[in-house]
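Here's the letter readout for the chains.
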There are 4 protein chains.
Amino acid sequence: MRTTSNVYTDLAMEAAGDCGDELDGVTVMSEEDGEAGLVTTTVHIHNEEGERQLRKSIGTYITLESQSLMENDPTAHEVIIKELSRKLGELHNLGKDDVALVVGLGNWNVTPDALGPKTIARVLVTRHITGTDAVARDIEDCVRPVCAVTPGVMGLTGIETGEIVRGIVDRVRPSLVVAIDALAARSISRINCTIQMSNAGVNPGAGLGNKRMELSSKTLGVPVIAIGVPTVVDAATLISDSLDYILDDMIEQGGCSEFYNMLKDLQAQEKHGIVQEALTPYAGNMFVTPKEVDAVIGRLAGIIANSLNIALHPGITLDDINKYF
Amino acid sequence: MRTTSNVYTDLAMEAAGDCGDELDGVTVMSEEDGEAGLVTTTVHIHNEEGERQLRKSIGTYITLESQSLMENDPTAHEVIIKELSRKLGELHNLGKDDVALVVGLGNWNVTPDALGPKTIARVLVTRHITGTDAVARDIEDCVRPVCAVTPGVMGLTGIETGEIVRGIVDRVRPSLVVAIDALAARSISRINCTIQMSNAGVNPGAGLGNKRMELSSKTLGVPVIAIGVPTVVDAATLISDSLDYILDDMIEQGGCSEFYNMLKDLQAQEKHGIVQEALTPYAGNMFVTPKEVDAVIGRLAGIIANSLNIALHPGITLDDINKYF
Amino acid sequence: MRTTSNVYTDLAMEAAGDCGDELDGVTVMSEEDGEAGLVTTTVHIHNEEGERQLRKSIGTYITLESQSLMENDPTAHEVIIKELSRKLGELHNLGKDDVALVVGLGNWNVTPDALGPKTIARVLVTRHITGTDAVARDIEDCVRPVCAVTPGVMGLTGIETGEIVRGIVDRVRPSLVVAIDALAARSISRINCTIQMSNAGVNPGAGLGNKRMELSSKTLGVPVIAIGVPTVVDAATLISDSLDYILDDMIEQGGCSEFYNMLKDLQAQEKHGIVQEALTPYAGNMFVTPKEVDAVIGRLAGIIANSLNIALHPGITLDDINKYF
Amino acid sequence: MRTTSNVYTDLAMEAAGDCGDELDGVTVMSEEDGEAGLVTTTVHIHNEEGERQLRKSIGTYITLESQSLMENDPTAHEVIIKELSRKLGELHNLGKDDVALVVGLGNWNVTPDALGPKTIARVLVTRHITGTDAVARDIEDCVRPVCAVTPGVMGLTGIETGEIVRGIVDRVRPSLVVAIDALAARSISRINCTIQMSNAGVNPGAGLGNKRMELSSKTLGVPVIAIGVPTVVDAATLISDSLDYILDDMIEQGGCSEFYNMLKDLQAQEKHGIVQEALTPYAGNMFVTPKEVDAVIGRLAGIIANSLNIALHPGITLDDINKYF
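**A look at the overall build of chain A**
Here's step 1: The secondary structure content of chain A amounts to twelve helices and nine strands.
Here's step 2: Taking all 325 residues of chain A together, the buried fraction comes to 60%.
Here's step 3: For chain A, restricting intrachain contacts to residue pairs at least 6 apart in sequence, the fraction spanning at least 24 positions comes to 73%.
Here's step 4: Split by element, the accessible area of chain A, about 12600 Å² in all, is 46% carbon and sulfur.

**Quick word on unusual backbone geometry**
Here's step 1: In this model, Thr280(A) is joined to Pro281(A) through a cis peptide bond whose omega is 5°.
Here's step 2: Relative to the helices and strands, Pro281(A) resides in the loop between α10 (257-279) and β9 (286-290).
Here's step 3: A positive phi angle, near 65°, is found at Asn192(A), a position not held by glycine.
Here's step 4: By secondary structure assignment, the location of Asn192(A) is in the loop between β6 (176-185) and β7 (194-198).
Here's step 5: Positive phi, normally seen in glycine, also occurs at Arg55(D), with a value near 50°.
Here's step 6: Its location among the elements puts Arg55(D) in the loop between α2 (48-54) and β3 (59-65).
Here's step 7: Residue classification places Arg55(D) among the partly exposed positions, given a relative accessible area of 45%.

**As for a positive patch on the surface**
Here's step 1: Together, Lys118(A), Arg122(A), Lys118(C) and Arg122(C) give the surface a local cluster of positive charge.
Here's step 2: By the secondary structure assignment, Lys118(A) is in helix α4 (residues 115-120).
Here's step 3: Of the residues examined, Lys118(A) reaches a relative accessible area of 38% and is grouped as partly exposed.

**With respect to the environment of Gly17(B)**
Residue and element names in this part refer to chain B.
Here's step 1: Assignment of secondary structure puts glycine 17 in helix α1 (residues 12-18).
Here's step 2: On the basis of relative accessibility, which here comes to 54%, the residue glycine 17 falls in the exposed class.
Here's step 3: Counting along the chain gives 42 residues from glycine 17 to glycine 59, while the straight-line C-alpha distance between them is 17 Å.

**Observations regarding the nonpolar core**
Here's step 1: Ranked by size, the top nonpolar core spans 150 residues in total, and within it Val102(B), Ile227(B), Leu308(B), Val102(C), Ile227(C) and Leu308(C) carry the most contacts.
Here's step 2: Contacts of Val102(B), omitting those with residues within four sequence positions, involve Ile120(B), Val123(B), Val146(B), Cys147(B), Ala148(B), Val149(B), Val178(B), Ile180(B), Leu308(B) and Leu312(B).
Here's step 3: Core analysis: the second largest hydrophobic core is formed by 106 residues, Val26(A), Val275(A), Tyr282(A) and Met197(D) among them.

**Digging into the pairing of strand β2 (residues 38-45) of chain A**
Here's step 1: Here β2(A) lies mainly inside the structure; six of its eight residues are buried.
Here's step 2: Between strand β1 (residues 26-33) of chain A and β2(A), which pair antiparallel one after the other, the connecting turn spans four residues, and Gly37(A) there sits at a positive phi close to 65°.

**Looking at the pairing of strand β9 (residues 286-290) of chain C**
The side chains of a regular strand alternate, first on one face of the sheet and then on the other.
Here's step 1: Of all five residues in β9(C), five are buried, a share of seventy percent or more.
Here's step 2: Side chains Met286(C), Val288(C) and Pro290(C) project from β9(C) onto one buried face, and the interleaved Phe287(C) and Thr289(C) project onto a second face that is buried too.
Here's step 3: Looking at chain direction, strand β9 (residues 286-290) of chain B and β9(C) are connected through five bridges and run antiparallel. Bridging across to β9(C), Phe287(B) finds its partner in Thr289(C).

**Section: the pattern of salt bridges**
Here's step 1: Taken as a whole and judged by the stated rule, the model has 36 salt bridges over all chains.
Here's step 2: Residues Arg186(B) and Asp241(B) are paired through a salt bridge, measuring 2.6 Å at the closest nitrogen-oxygen approach. Of this pair, Arg186(B) sits in the loop between β6 (176-185) and β7 (194-198) while Asp241(B) is found in helix α9 (residues 235-253), placing the two residues 55 residues apart along the sequence. Asp241(B) matches Arg186(B) in its accessibility class, with the two residues each being buried.
Here's step 3: Through salt bridges with shared partners, a single network forms among Glu14(A), Glu65(A) and Arg190(A).

**What about helix α7 (residues 161-172) of chain D?**
Residues and elements named next belong to chain D.
Here's step 1: Relative to the 16 Å expected for twelve residues at 1.5 Å per residue, α7 spans 17 Å between its end C-alpha atoms, a close match to the ideal helical length.
Here's step 2: Turning to α7, its buried residues number three or more, namely Thr161, Gly162, Ile164, Val165, Gly167, Ile168, Val169 and Val172.
Here's step 3: Remark: arginine 173 follows α7 within two positions and exhibits a positive phi of approximately 50°.

**Concerning helix α3 (residues 74-91) of chain A**
Here's step 1: Taking 1.5 Å of rise per residue, the 18 residues of α3(A) would be expected to cover 26 Å, and the 25 Å separating its terminal C-alpha atoms lies within 8% of that figure.
Here's step 2: For α3(A), the full list of buried residues reads Pro74(A), Ala76(A), His77(A), Glu78(A), Ile80(A), Ile81(A), Glu83(A), Leu84(A), Ser85(A), Lys87(A), Leu88(A) and Leu91(A).

**Observations concerning the confidence of the model for chain A**
Residue and element names in this part refer to chain A.
Here's step 1: Model confidence for chain A is summarised by a mean pLDDT of 85, while 85% of its residues fall at 70 or above.
Here's step 2: Mean pLDDT across the secondary structure elements of chain A bottoms out at helix α12 (residues 318-324), with 68, and peaks at strand β4 (residues 100-104), with 98.
Here's step 3: Confidence estimates for the predicted assembly give a pTM of 0.90 and an ipTM of 0.89.

**Comments concerning the side chain of Thr9(B)**
Residues and elements named next belong to chain B.
Here's step 1: Secondary-structure assignment places threonine 9 in the segment before α1.
Here's step 2: A distance of 2.5 Å separates the side chain of threonine 9 from the side chain of glutamate 14, its partner in a polar contact.
Here's step 3: Ignoring sequence-local partners within four residues, the contact set of threonine 9 consists of Glu14, Ala15, Lys56, Ala184, Ala185 and Arg186.

**Examining the packing of helix α7 (residues 161-172) of chain A against helix α7 (residues 161-172) of chain B**
Describing two packed helices takes the angle between their axes plus the distance from one axis to the other.
Here's step 1: Where α7(A) contacts α7(B), the two axes come as close as 7 Å, and the packing angle between them is 120°. When the interaxial angle is binned, α7(A) and α7(B) end up oblique. α7(B) is crossed by α7(A), and the crossing has right-handed handedness. Residues Glu163(A), Ile164(A), Arg166(A), Gly167(A), Ile168(A), Asp170(A) and Arg171(A) of α7(A) touch α7(B), and the partners they reach there are Glu163(B), Ile164(B), Arg166(B), Gly167(B), Ile168(B), Asp170(B) and Arg171(B).
Here's step 2: Partitioned by chemical class, the residues of the contact of α7(A) with α7(B) number four nonpolar, two polar and eight charged.

**So, the packing of helix α3 (residues 74-91) of chain D against helix α11 (residues 293-312) of chain D**
Residues and elements named next belong to chain D.
Here's step 1: As a packed pair, α3 and α11 sit with axes 8 Å apart at the nearest point and diverge in direction by 45°. With respect to α11, the axis of α3 lies oblique. Taken as a pair, α3 and α11 cross one another with a handedness that is right-handed. Across the interface between the two elements, His77, Ile80, Ile81, Leu84, Ser85, Leu88 and Gly89 of α3 pack against Arg299, Ile303, Ile304, Asn306, Ser307, Leu308, Ile310 and Ala311 of α11.
Here's step 2: A per-class count over the contact of α3 with α11 returns nine nonpolar, five polar and one charged.

**Regarding the environment of Val79(A)**
Residues and elements named next belong to chain A.
Here's step 1: Take valine 79: it is sitting in helix α3.
Here's step 2: For valine 79, a relative accessible area of 30% corresponds to the partly exposed category.
Here's step 3: If we ignore the near neighbours within four places in the chain, the residues touching valine 79 are Asp33, Ala36 and Leu38.

**A few points about the state of the cysteines**
Here's step 1: The full count for this structure, using the stated rule, is zero disulfides over all chains.
Here's step 2: Its sulfur unpaired, Cys147(C) is 19 Å from the next cysteine sulfur, which belongs to Cys142(C).

**Quick notes on the side chain of Ser307(B)**
Here's step 1: Tracing the sequence through the fold places Ser307(B) in helix α11 (residues 293-312).
Here's step 2: When near neighbours in sequence (up to four residues on either side) are disregarded, Ser307(B) contacts Ile81(B), Leu84(B), Ser85(B) and Leu88(B).

**A few points about the environment of Pro223(B)**
All names here are of chain B.
Here's step 1: Structurally, proline 223 is set in the loop between α8 (217-220) and β8 (224-234).
Here's step 2: Taking relative accessible area as the criterion, proline 223 reaches 45% and is therefore assigned partly exposed.
Here's step 3: For the pair proline 223 and asparagine 93, spaced 130 residues apart in sequence, the C-alpha separation works out to 9.5 Å.
Here's step 4: Residues contacting proline 223, with those up to four places away along its chain left out, are Ser175, Leu176, Val177 and Ser217.

Parameters and conventions
Residues numbered from 1 in each chain as written. Chains lettered and ligands numbered in written order. Predicted model: local features only at pLDDT ≥ 70, side-chain atom pairs only at ≥ 80, totals over all residues. Heavy atoms only, no water. Helix = DSSP H or I, 4+ residues; strand = E, 2+ residues; numbered from the N terminus. Buried < 20%, exposed > 50% of the residue type's maximum accessible area, 1.4 Å probe, protein only. Contact = heavy atoms within 4.5 Å. Areas by Shrake-Rupley, 256 points an atom, 1.4 Å probe, with all protein chains shown as cover. Patch = residues over 30% accessible without salt bridge, like charges linked within 9 Å, V, L, I, M, F, W, Y side chains within 5 Å. Salt bridge = Lys/Arg side-chain N within 4 Å of Asp/Glu carboxyl O. Lys, Arg positive; Asp, Glu negative; His and termini not counted. Charge placed at Lys NZ, Arg CZ, Asp CG, Glu CD. Core = buried A, V, L, I, M, F, W, Y, C linked by side-chain atoms within 4.5 Å. Pairing = 2+ DSSP bridges. Expected span 1.5 Å × (residues − 1). pLDDT = per-residue confidence, 0-100. Polar contact = N/O pair within 3.5 Å; in protein donor to acceptor, adjacent residues only side chain to side chain. Axes fitted to C-alpha atoms, helices over the stretch in contact; angles between N-to-C directions. Parallel < 35°, antiparallel > 145°, perpendicular 65-115°, else oblique. Left-handed = near helix turned anticlockwise from the far one by under 90°. Nonpolar A, V, L, I, M, F, W, Y, C, P; charged D, E, K, R; others polar. Disulfide = S-S within 2.5 Å.

Now the structure itself:
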């Protein structure tokens, strides 16, 4: 069996899939809405053994997959927005006037990393008007106090993103933080057609950068919902996986045992070197993304922002979204 | 004498000028560099009486004025960068490894309010690389740890800008905060050709918005240098001043005393109403700015960022700026 | 009577209003939809005498006015989109497969001048996919071949915008050109709440710049529909009008004849000088715009783009707009 | 020998390198400036045989390679700007008042494709001021009439980029067109550290899109200089090349002839399938680019724009560039 456990993915469902069935401390459930072509997979990581195997924190990870996310298909997107806002509602437990802070992670200058900032631009921000005379009483009943920030990335600010968010949380004292980020998938087939929600926190820059200070209830002191879409695959991962395919094929077909052993040997010895050589001088710092990434990111930002607007504001429905945004 | 004390300006030198000579608790000094066409005015507000009269906090306000700021005149801009960085150097007293945080105030979506964010994009950010292996020892000696954020405006975030900055300051604990903001002047003739520095703090959004939580050593616990350029004049102020001109003219020329008294009466009674009528339905929420505002803001952001790069980083000179930025 | 004919406005309805009732060669009709608070004014300029008086070309100018354009009021915006797309439909006479070219005039770097480019970003562009295998037959029936460009402004390109558009029209040979531009109004009260459509062509940069080569059936050889929203008032116009208000007031109240004559004299002599002095050193190159201009421009761009999407594409309805855009 | 002739590269020097020495109708010369680490390679394609082999049009292709392009190394960049402007000067033969049109190809919404539009933003545009009273006589002597456009990409406009450019050329009638575009390289090692100039025209969108209408003296009727930087590698090419590496390695080591034959067979049969499988569902529409692409593109745009400013404007030197831009 090909062992892939040393390759990183931000998606819990990919990590679980790679590990096969014999997972201890992990539950995986999947349901399919045939009509809408929507597959929902829920991964629960129950304990440290599950954490270790999936290299993800304890918590619930809900993934919605739909090919329609890559197309301009509003009818299908309505189904996704409805399902996404329903699942988001399940992950939080806010009182009527509790404040929510939405954080758009990522670098607004790099198209596939701009999902967070682009989502923030469409979130209905209300914290500064609730409780003031500027807002009629009836609007007040429709909206929760929501605020939103785009903290930037360390290369632009010189500050760990986690530090900036923690500073703001300490002042604003929200009851919930929602963090939006672009992710890295393992498989090209999940790019831009998969939305993962989780109550287990997030590491800013995991998708396109290095691991940074975690945003979670542990570090921020309030519940954190992370929402992410894989928009890139790490280039080294892609090449490595492609080499695995061809070697697996050859092993299956292989006749002479000398050959078989050489191949197994090759895998261990050569693969890493070939990947490095192919990516020189960039090593692990290249990513793969589709050409039409700009259009797709804009659409995904709209879907996530609208799902948040419905899930966070008590009086906003899908009909309002269709009209207002 | 025309009383203008009820009209707001962000410039201490304009406030001092309107109050005439009899100012208690305020010192005003002016020097002119004829060659470069550069006028430097320093206003010291010494005590609460000075604060009350100028409606500005106690502290030093240095203003550089040069018509060349509105033109593409690099030779003149070099003189300004040199002078600006020298004056900035006088306002701070940082040790070699002390951290400076630069804050770009304002709304990046509104051209004349984008000075702060545009400046941040050109500041050399180094805090994340100093003290790491990524930086050679000799670079380390050239640069101070500088970090930089663009907190946005309350209409976009739902949070007081001062709260965001204070949260970040609490985490990063810099030894100095430098805040860049677009200002409102009283007089059109100061737009885009005046740079004010001050150690007395700043109210984010003073230029284009309402008064917000002050950024100052009082609220942040560290010294604050504010750098601002007036990029707009409030439309109500402009109309009001224009009406004053014409009425003053008429009073000077006026023959019959009945007429004279009516005019004085008019000033008090009608001016406010006429200004309101002229700006309906926008009341105090309109500003005046020049058509070529985009080009000028870009140039000013470059001048301020480069002055900061020289003033904050010990090993960076004007020659480096010419080459690097 | 105050004569204002020497002050410029891009709005035919303002020009007609200033001229009073005795207009030869001009018909003005107005209707009000009380429920939606929507006032529609149609100005027909029939002949050269009408052209001369209104300083606008022969043609039809339809203006929709609604205070709701300045607010986030989707129900009212639906009514406007419906009416706007209906009126646009009346102005063109395209066959099923005729190509339409939409042109977004203005400077994308200056917020109140960015209406055209921002509208283009939301127009459904189809010319490159119609007639290809990429598009299913049923989509083909829904959409007309539409293309769209943002030619920039002369300060950025060094080329008259009209020359760029004419060059593209010569290659693409559309059956209709639709030009979107930000305009200058005479009155602050029309800013951002007025949409003017016309079949009489447009002068790019009329709102924020100088008069340039006209885009019209005369210069392009195909019908041109112009859509514009006044987003600024010229600062000199605003001051001049404010002075008129106060002088008119004084004349009404004035007792002694000496005074009356002096005032009349003043109007002629001094007003121009005072306006110039107030705007020094910017002369005629300043504009007035509301502080929240960024949010309003975004909303207006959406309303115009959606009206165009309905008016140009045979199979797209308001319901689709609600879902898709 | 591995045959790679079916894989595309925009770089003539890569195409020539892959073809080995036995090229008919192609001359390749290379020189190295050791101090600056700058390698200049000139490929002349003399005839149709050369065209066929390299799949590039007849003409001269000059490539500058320097690792310093990926770093913030202004001293090295000065050498490159000097060399680039010198080589550009060799490629054109403009009279003093001849007009040059600079075209920034590519999609401004996709970071690695935005090189052209970002370069245009820094080109000194003068055509609209030369010959007018706005410009003093002495400035007139320093600058050539230069104009510049960013035509967008077909997905945004619905129009072939070549059609837009041709339309503008027909109106403006420049004596030279300079087209800037992001390219696709074959090898990761050439990404962002290679600048190619050519007098053989360009196909907009070659790097990130499909082949479109050529911009060349043939299609535009005036000389065309193309300047490009490879900012991406096609993902399918990268995987395919990586598979080649590993198979070549195995063949070299291989013992049994059965094995050897199988491998050769595999290459032909399986490689294409594996590449397709790895990239499903994106097929040939994915690209690979480095994470810090935003910073690099900005720097490259500045280097190319400044080289153009020196090469096109007779009175602008490297010293001016250091000061002005």
